[in-house]
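Each chain, written out:
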Amino acid sequence: MSTTVLSSSTGRVRDIALAYLPNYRPWFGLYGHYLRPPTSSSAGTGTEEKVPLIHELLTEELLQEIFLRLDVVTRGRAACVCRYWRGISWHHMLWKNACERAWMDVPSSVLSFQVHQDFRGSWRNMWMDVPRLRRDGLYISRNTYIRAGVTEWQYKNPVHLVCYFRYYRFLSGQRFLYRISPEIPAKIAPLLRTGKQNPKQGVYLGHYTLDNDKLDCVVRYQEQYATQVQTELKLRSTSRGANNRLDILSLVSGVQDSDDPRDQRRYNQGTTSYVFVPWSDIPNHCLNLPVSEMDFWIPG
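Since the model is a prediction, treat every value here as computed from it, not as a measurement.

Colleague: Go over the overall build of the chain with me, naming the residues and quoting the values.
Modeller: Tallying secondary structure elements over the chain gives nine helices and nine strands in all. In the chain, which comprises 300 residues, the proportion classed as buried is 36%. Across the chain, the fraction of contacts at a sequence separation of at least 24, relative to all contacts at a separation of at least 6, is 50%. Accessible surface computed for the chain: about 19,400 Å², of which carbon and sulfur atoms make up 53%.

If you want it as structure tokens, here you go:
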């Protein structure tokens, strides 16, 4: 056991490490050393330090303009590049722009008042803590059920595992696109990404109201039988600021403008929670797997 006492903090840390870890390791000499952030010149020495070329070509103002044109998810990935980029990604103007995009239906004066009253002027905290519907992808609900098949012989009783999806794409102006289909998300995403309703292809336009984390959605089918689907959902997050789950509280379909309870049908099955999937992740997402590879889906 080493008993040498050194005056420097680096020596003390190294001796403590050697005391409890008797087998020497080459990286013991790195304990107690901290890296400095990149600077153009060393303070007080006058010697020039090498700065990455990208930092010389892209000033802080240029990087802010680039980050301003990125969505929050892409900006978060860029913040993992280095400490310098991470510091720029925390600039309050970037988070203010993200909040104005997320709540574009709310006047800027109302947003500014709320952020100073409830979040002490932190636009980032407002973005992370206030429930919001994401528009950079789809909310997808995968449902399965067993259906009895046709009995061909007396000793056979076939069954089929049926899989279908419900899709939500939220737009500005408290509108959304809705479709229910057995087709996988990779095939439906291009159709919903246009942002336009297409009743011939089963894409219908609906309206919603969001009160804190409670969401009410109504979609009407303009067909021979005028029906509407009313859904009550709860918005939640698996991590702070994710807003990536929609739990179905109730699902009712019925005849439009009818108060007769017999014209309404309440569903207790097919109410799997919606999972948010960004556009970039849809082609390779596990929700595209067939029932032979994933028979049941638990969103978590």
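Colleague: Please provide a residue-by-residue account of helix α4 (residues 72-79), values included.
Modeller: Owing to its 3.6 residues per turn, the α-helix aligns residues three or four sequence positions apart on the same side. Within α4, burial applies to Arg75, Ala78 and Ala79. Buried residues of α4, seen end-on, are gathered within an arc of 100 degrees and therefore sit on one face of the element. Elements that come into contact with the buried residues of α4 comprise α3 (60-68), α5 (83-89) and α6 (92-102). Between the side-chain oxygen of the N-cap and the backbone nitrogen of Val73 there are 3.1 Å, and the N-cap of α4 in question is Asp71.

Colleague: For unusual backbone geometry, give the residues involved together with the corresponding values.
Modeller: Of note in this structure, Asn212 is not a glycine but carries a positive phi near 60 degrees. The residue Asn212 is located in the loop between β4 (204-211) and β5 (214-221) in this model.

Colleague: With reference to specific residues and values, describe the packing of aromatic side chains.
Modeller: Following the criterion strictly, the structure yields 13 aromatic pairs and no others. Centroid distance Tyr168 to Phe170: 5.5 Å. Interplanar angle 20 degrees. Geometry classified as stacked. For Tyr168, a relative accessible area of 1% translates into the label buried. A relative accessible area of 1% means that Phe170 is categorised as buried. Here the aromatic rings of Phe170 and Tyr208 are separated by 5.3 Å at their centres, their planes lie at 85 degrees, and the arrangement is edge-to-face. Here Phe170, found in strand β2 (residues 159-171), pairs with Tyr208, found in strand β4; they are 38 residues apart in sequence, far enough to count as distant. For Tyr208, a relative accessible area of 8% puts it in the buried group.

Colleague: Tell me about the confidence of the model for the chain, residues and numbers included.
Modeller: In this model, the chain carries an average pLDDT of 82, and 79% of its residues clear a pLDDT of 70 or more. Scored below 50 in pLDDT, residues 1-7 makes eight contacts in the model with residues more than four places away or belonging to other chains.

Colleague: So, the pairing of β5: which residues are in play, and what are the values?
Modeller: Across a regular strand the side chains alternate sides, sitting on one face of the sheet and then on the other. Covered by surrounding structure in β5 are Leu215, Cys217, Val219 and Tyr221 only, the residues Lys214, Asp216, Val218 and Arg220 on the alternate face being uncovered. As paired elements, β4 and β5 share six bridges and run antiparallel to each other. Note that in β5 the partner of Thr209 across the bridge is Asp216. Here β4 folds back onto β5 in antiparallel fashion, the turn holding two residues, of which Asn212 has a positive phi close to 60 degrees. In this structure, β5 lies alongside strand β6 (residues 227-236), joined through eight bridges in antiparallel fashion. Across the sheet, residue Val219 finds its bridge partner in β6, namely Val229.

Colleague: Help me get a handle on the pattern of salt bridges, residues and values and all.
Modeller: Enumeration according to the criterion identifies five salt bridges in this entry. For the salt bridge of Arg69 with Glu65, the shortest nitrogen-to-oxygen distance reads 3.0 Å.

Colleague: Explain the nonpolar core to me, using residue names and the numbers behind them.
Modeller: Ranked by internal contacts, the top residues of the largest apolar core, which has 20 residues, are Tyr139, Tyr168, Phe170 and Leu246. Every element with two or more residues in this core is listed here: β2, β3 (175-181), β4, β5, β6, β7 (245-255) and β9 (274-278). Among the elements that make up this core, the one with the highest residue count is β5 (four residues). Counting residues in each nonpolar core, the second largest holds 19 residues, with Ala189, Trp279, Ile282 and Trp297 among its members.

Colleague: Give a detailed account of the packing of α3 against α6, specifying residues and quantitative values.
Modeller: Where α3 contacts α6, the axes come no closer than 10 Å and their chain directions differ by 15 degrees. Taken together, α3 and α6 sit at an angle that is classed as roughly parallel. Note on packing geometry: the crossing formed by α3 with α6 is right-handed. Counting all contacts with α3, which are made through Gln64, Phe67 and Leu68, the residues of α6 involved are Met93, Leu94, Asn97 and Arg101. Partitioning the contact of α3 with α6 into residue classes produces four nonpolar, two polar and one charged.

Thresholds, definitions, all that
- Residues numbered from 1 in each chain as written.
- Predicted model: local features only at pLDDT ≥ 70, side-chain atom pairs only at ≥ 80, totals over all residues.
- Heavy atoms only, no water.
- Helix = DSSP H or I, 4+ residues; strand = E, 2+ residues; numbered from the N terminus.
- Buried < 20%, exposed > 50% of the residue type's maximum accessible area, 1.4 Å probe, protein only.
- Contact = heavy atoms within 4.5 Å.
- Areas by Shrake-Rupley, 256 points an atom, 1.4 Å probe, with all protein chains shown as cover.
- Arc of directions from axis to C-beta.
- Polar contact = N/O pair within 3.5 Å; in protein donor to acceptor, adjacent residues only side chain to side chain.
- Phe/Tyr/Trp six-rings, centres within 6.5 Å; stacked < 30°, edge-to-face > 60°.
- pLDDT = per-residue confidence, 0-100.
- Pairing = 2+ DSSP bridges.
- Salt bridge = Lys/Arg side-chain N within 4 Å of Asp/Glu carboxyl O.
- Core = buried A, V, L, I, M, F, W, Y, C linked by side-chain atoms within 4.5 Å.
- Axes fitted to C-alpha atoms, helices over the stretch in contact; angles between N-to-C directions.
- Parallel < 35°, antiparallel > 145°, perpendicular 65-115°, else oblique.
- Left-handed = near helix turned anticlockwise from the far one by under 90°.
- Nonpolar A, V, L, I, M, F, W, Y, C, P; charged D, E, K, R; others polar.

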